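# Examination of the molecular architecture
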Amino acid sequence: ILSYAVALVTGLIFLYFFHSVFTFGKMDRVQRRMIKFFGVMSASYFLNWTLVYSLTSRYNYNYLSTIIGVSLMLSLVNYFINHKWVFRKYHVFE
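Residues numbered from 1 in each chain as written. Predicted model: local features only at pLDDT ≥ 70, side-chain atom pairs only at ≥ 80, totals over all residues. Heavy atoms only, no water.

## Things to note about unusual backbone geometry
For R29, which is not a glycine, the phi torsion comes out positive at approximately 50°. Relative to the helices and strands, R29 resides in the loop between helix 1 (2-23) and helix 2 (30-58). In this structure, N60 is a non-glycine residue whose phi angle is positive, near 60°. In this fold, N60 is placed in the loop between helix 2 and helix 3 (63-86). (Helix = DSSP H or I, 4+ residues; strand = E, 2+ residues; numbered from the N terminus.)

Take a look at the structure:
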């Protein structure tokens, strides 16, 4: 489980810097943005796990199609939240 935790944190750091540079082009306020990003992604991972578990075990949906559907939906939600909140343009006095 330790290796999974290390892989998860490493992946989050990589994702943060990838989105900072390539997706949103924002490299300022790294600490503030990274904390927000980790919060958004942690909530997303939890929601992903909860939805997949609920839909497959409780409602007997197909596992693979559930993962694909939930992942697509949460990818759009993550992009929107990251665009509007995490990587938004800050004003001078913020």
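## A closer look at the side chain of T56
With respect to the element layout, T56 can be found in helix 2. Using a relative accessible area of 18% as the deciding quantity, one classes T56 as buried. Within the structure, T56 has its side chain in polar contact with the backbone oxygen of V52 (distance 2.6 Å). In this view, T56 contacts Y61, N62, Y63 and T66; residues no more than four positions away in its chain are not counted. (Buried < 20%, exposed > 50% of the residue type's maximum accessible area, 1.4 Å probe, protein only. Polar contact = N/O pair within 3.5 Å; in protein donor to acceptor, adjacent residues only side chain to side chain. Contact = heavy atoms within 4.5 Å.)

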